[in-house]
Amino acid sequence: MIRLSFACVLALILSFTCATSYANRSRWSVAGLYSSADYGRVVLNFNLGWRFCLGDAPGAAGLDFDDASWKVVNLPHGLRLEPSNASGCKNYQGVAWYRKHFTLPSEMKDRKAVVYFEAIMGRQEIYVNGRKVLSHEGGYLPVSVDLSAAGVKPGETAVIAVMTDNSDDKTYPPGKRQMALDFAYHGGIYRDVYLLGLNSVYITDPNVAGKVAGGGVFVHYDNISDRQADVLTEVDLANVGPKPASAQVCVVISDRSGKVVARSKRSLKVAPSVSQSVSLKSTVKNPHLWSPDDPTLYDVAIEVSVGGKVVDGGVVRAGIRRAEFKGQDGFWLNGKPYRQLVGGNRHQDFAYVGNAMPNSQQWRDALRLKEAGMNIIRAAHYPQDPAFMDACDELGLFVIVPTPGWQYWNKDPEFAKKVHENTRQIIRRDRNHTSVLMWEPILNETRYPLDFAIEALKITREEFPFNGRPVAAADLNSAGVKENYDVLYDWPENIGKADIPTDKCIFTREFGEMVDDWYAHNCLNRAARSWGERPMLVAALSLSDTYGTMFHGRRQFIGGCQWHPFDHQRGYHPDSYLGGIYDAFRQKKTAFYAFRSQVPTSLSEPMVKIACEMTQFSDNDVVVFSNCDSVRLTVFEGDMVVTKAVAHSSDDNPSEPVVFTGAWDFWKAREYSYKQRNWQKVSFLAEGIVDGKVVCSEKKMPARRSTKLKLSADLMGRDLVADGSDFIVVVAEVTDDNGNVRRLAIDDVSFEVFGNGELISDERIMSNPRKVEWGSAPALIRSTTTPGRITVIAKAAFEGVYVPTSDTLVITSVAPDMPSCQLEEHSVGSSHRLGHTGSSTSNLPSEEDRNRTLREVEEQQKEFGVQK
């Protein structure tokens, strides 16, 4: 059997993406389909040119309301920029308004025009030309507005106004007050918005259609083997025309080379004002089965024709695979026992912008998690952006998709109904994603009644009644779960106890936490990059220890997810969550290498990382993380050469950290540098050895004085798109003359941006100048709507004779492939305020209320978290 390395798999994935799309650009689905003009559906970017007001603005719903003084923003948008530590309810909560003036394009003639919001945080009211057309609650699922039904005609100028309110509200899930919440309700229209033009006969939106296990397109599989697989495609058509329509639905399945491997077609008659479903079966011979190690996707193209003319359609990117949960025999994939499922939880949270991440950063986040060696993601604690789900399909990451909720139950029966409706809509939105392995239809770490748990489980089976359905997972100790659910959340050490069912697989939803208590949150695994070498090393070693618990040695225990790979904001604590293997800007911490080293060389590239910066404060014992057979460390060009085996265990840590006792001696280094003037000799060389051969290496030297700034862009193989919304992280590192990062530098860095880009910044968040932390200062650079050169200059914030020299980086943005619908031009500036009614600081709770809330959180964490 040929086994591809991790790097080869990633290279194939990236090359396939480039071959089937624009170079260095990923494809995103819109309303569940990858579409183009060839399918008869018009899809326009509706993100540009929204006027924005932070706070309430009486009369803002009206058609003739004067919004000329409001700032013009592009979406996704998160109300306001927040500091890199926005925890403890520093973020804005309250009312905000968005208004967009637009002319409905002429290409919408004889079409149904729909504005499709991927998500808006909180409670929303939407108005078209001054008339209220929709009220909606919840912040994680799509909202559709029918412009045609609201009377908007092609060629006419119209106004759509959206009131958003991300204030606490116990009547809909999650329901918990932010001050008691382990994440934050960052607000705004924080996901993408599209304008869809649909012909009179069109494929329905499954959440608008409201059909159980129906509506839209539903692709599922049966009779899967290496020899063949049945692909079943359910298509739901609506007819808004005055007469019955005779339609033909054609399904064409192509492999990643573009070769057609199966096709089918059926005809049906669709009566006016109703929707009608049709099922098509295609058989793929010798299918290339999807797995995290080989995430092969087929294009399932759906084409709807009326009178020989294509009127609607699109593509579902489908991975054919068979997942089985066999209790004591563990998790099987494609007819074979599969390795441990080990990954992380993921909040949709980024420095400065909150939840308002462009699709490119959703994709990069998935790649970052994949590069860390993860093969499963738990989407804590709500459904993720559709682009993140697309990326998981493409890159090979299983996903556990939860319904929104965390440690809160409202006894009002309406609350449970809203939770269940969320679950139905989540399944309808995400059911075609190959990456979805489990649904989590209950409320995380919450005591709920038995009937709620049973109804939640029932919904997952009603909405996905076919073979190969994703299973339902929940905490073993909650009502009705142990007896009824498919996968149970628990700890590996409990397997074998009398109360653990042997026919259910066990999975740990959150591992890695070792807090002193749930009030203080002092924790071995939590360390900010700014704290430096030793705290980050302690955190990495702590994570390495707990990672080993995911390899219990019993097949019934199938794995777990780390809490949490990215540093993020939360409401109930003044500190950001700092246990990530990346910080909030996605800069790697030492723990990244501890996690990455656990993936064996049979599944990944060999790696070696020296966790010592060779400063005057570094420990004498040097830790090296590696997944190789052994590591050879050469100290000071041969003063000491030691080879140590990397301890591998099948039922504990796959790769133990390697410790070289006494390898770093500052005084000996000083002897070479100071007395012998031979500072070049002070170095480490770590070499990873597999089967007796050196397969990887890292050389490290101590940084000397700060002399230069060095800029880099975290593009990760994807271009910056000039759509006015896309952004990338640019990092300025302080280095010595030889390029070694000066980790202990205490400079401040100023950023300047020229050309077709802008710095995401304002005075309030203290992002420019930015203080150097652990040798680097990050910045976010956003595109404009004009493609071309963007020049970024980093320089010392304060002039001086010996300050680090500046650096210049040129980035070229590329034109978007999707046209937009806009009247307003994007502007730069701070948010305009009117009638400010929400705040992160006004109406603060009393000290008694705060303390009571924190005591409640602490008790809930003890009950469900134990030690994560």
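Note that the coordinates shown come from a computational prediction; the quantities given were computed from them, not determined experimentally.

Just checking my understanding: could you explain the sheet that holds strand β40 (residues 757-759) for this structure?
By definition, the strands of a sheet pair up through backbone hydrogen bonds, in either a parallel or an antiparallel sense. Strand order across the open sheet formed by four strands is β37-β38-β42-β40, with antiparallel pairing between neighbours. Each of the sheet's edge strands pairs with one partner strand only, and the pair in question is β37 (708-713) and β40. The average undirected angle you get between the axes of adjacent strands in this sheet is 30 degrees.

Where do I start with the nonpolar core in this structure?
The tendency in soluble globular proteins is for nonpolar side chains to be buried side by side. Among the nonpolar cores identified, the biggest contains 62 residues, and M374, Y485, F511, I581 and F595 are the most heavily contacted of them. When residues no more than four places from it in sequence are discounted, the contact partners of Y485 are P441, I442, A453, A456, L457, A472, A473, A474, G480 and K504. Residues A113, A150, V193 and C821 belong to the second largest nonpolar core, which totals 33 residues.

Explain the pairing of strand β10 (residues 193-198) to me, please; I cannot follow it from the model alone.
Successive side chains on a regular strand alternate, one facing one side of the sheet and the next facing the other. Counting buried residues along β10, six of its six residues qualify, which places the element largely inside the surrounding structure. Of the two faces of β10, the one holding V193, L195 and G197 and the one holding Y194, L196 and L198 are both buried throughout. Pairing analysis gives four bridges linking strand β1 (residues 42-45) to β10, with the strands arranged antiparallel. In the sheet register, L44 faces β10, and the bridge partner there is L195.

Please explain helix α8 (residues 533-547) as it appears in this structure.
Side chains of residues three or four places apart in an α-helix project in the same direction, reflecting 3.6 residues per turn. Its 15 residues give α8 an end-to-end C-alpha distance of 21 Å, which sits within 8% of 21 Å, the value for a rise of 1.5 Å per residue. Looking at the buried positions of α8, the neighbouring elements they touch are β22 (341-345), β28 (505-511), β29 (557-562), α9 (590-596) and β31 (622-626).

Would you mind showing me how to read the pattern of salt bridges here?
Side chains that differ in sign of charge can pair as their charged atoms come close. In total, this model carries 51 salt bridges according to the counting rule given. A salt bridge links D182 to R570; the nearest nitrogen and oxygen atoms lie 3.7 Å apart. Of this pair, D182 sits in the loop between β9 (157-165) and β10 while R570 sits in the loop between β29 and α9, and the two are 388 residues apart along the sequence. No difference in accessibility class separates D182 from R570, as the two residues are buried. Residues K589 and D567 are paired through a salt bridge, measuring 3.0 Å at the closest nitrogen-oxygen approach. Here K589, found in the loop between β29 and α9, pairs with D567, found in the loop between β29 and α9; they are 22 residues apart in sequence, far enough to count as distant. Both residues of the pair, K589 and D567, count as buried.

Before we go on, may I ask you to explain the sheet that holds strand β34 (residues 658-660) in this structure?
The strand order β30-β31-β34 describes an open sheet built from three strands, whose pairing is antiparallel. One side of each edge strand has no neighbouring strand; the edge strands of this open sheet are β30 (608-610) and β34. Pairwise comparison of adjacent strand axes, ignoring direction, gives a mean angle of 25 degrees for this sheet. In the sheet, β30 pairs with β31 via three bridges, with the strands oriented antiparallel. Note that in β31 the partner of V608 across the bridge is S626.

What is the right way to read the packing of helix α3 (residues 359-371) against helix α4 (residues 386-395) from this model?
Two measures define how a pair of helices packs: the angle their axes make with one another and the distance between the axes. α4 packs onto α3 with a crossing angle of 40 degrees between their chain directions and a minimal axis gap of 8 Å. Here α3 is positioned oblique relative to α4, judged by the angle of their axes. Crossing of α3 against α4: the hand is right-handed. Across the interface between the two elements, N359, Q362, W363, D365, A366, L367, L369 and K370 of α3 pack against A387, F388, A391, C392, E394 and L395 of α4.

Which parts of the structure should I look at to understand the environment of D621?
Locating D621 in the fold gives a position in the loop between β30 and β31. Its relative accessible area of 35% is what places D621 among the partly exposed residues. Between the alpha carbons of D621 and V659 there is a distance of 6.5 Å; along the sequence they are 38 residues apart. When sequence neighbours within four positions are dropped, the list of residues in contact with D621 reads V659, F660, T661 and G662.

Calculation notes
Residues numbered from 1 in each chain as written. Predicted model: local features only at pLDDT ≥ 70, side-chain atom pairs only at ≥ 80, totals over all residues. Heavy atoms only, no water. Pairing = 2+ DSSP bridges. Helix = DSSP H or I, 4+ residues; strand = E, 2+ residues; numbered from the N terminus. Axes fitted to C-alpha atoms, helices over the stretch in contact; angles between N-to-C directions. Core = buried A, V, L, I, M, F, W, Y, C linked by side-chain atoms within 4.5 Å. Buried < 20%, exposed > 50% of the residue type's maximum accessible area, 1.4 Å probe, protein only. Contact = heavy atoms within 4.5 Å. Expected span 1.5 Å × (residues − 1). Salt bridge = Lys/Arg side-chain N within 4 Å of Asp/Glu carboxyl O. Parallel < 35°, antiparallel > 145°, perpendicular 65-115°, else oblique. Left-handed = near helix turned anticlockwise from the far one by under 90°.

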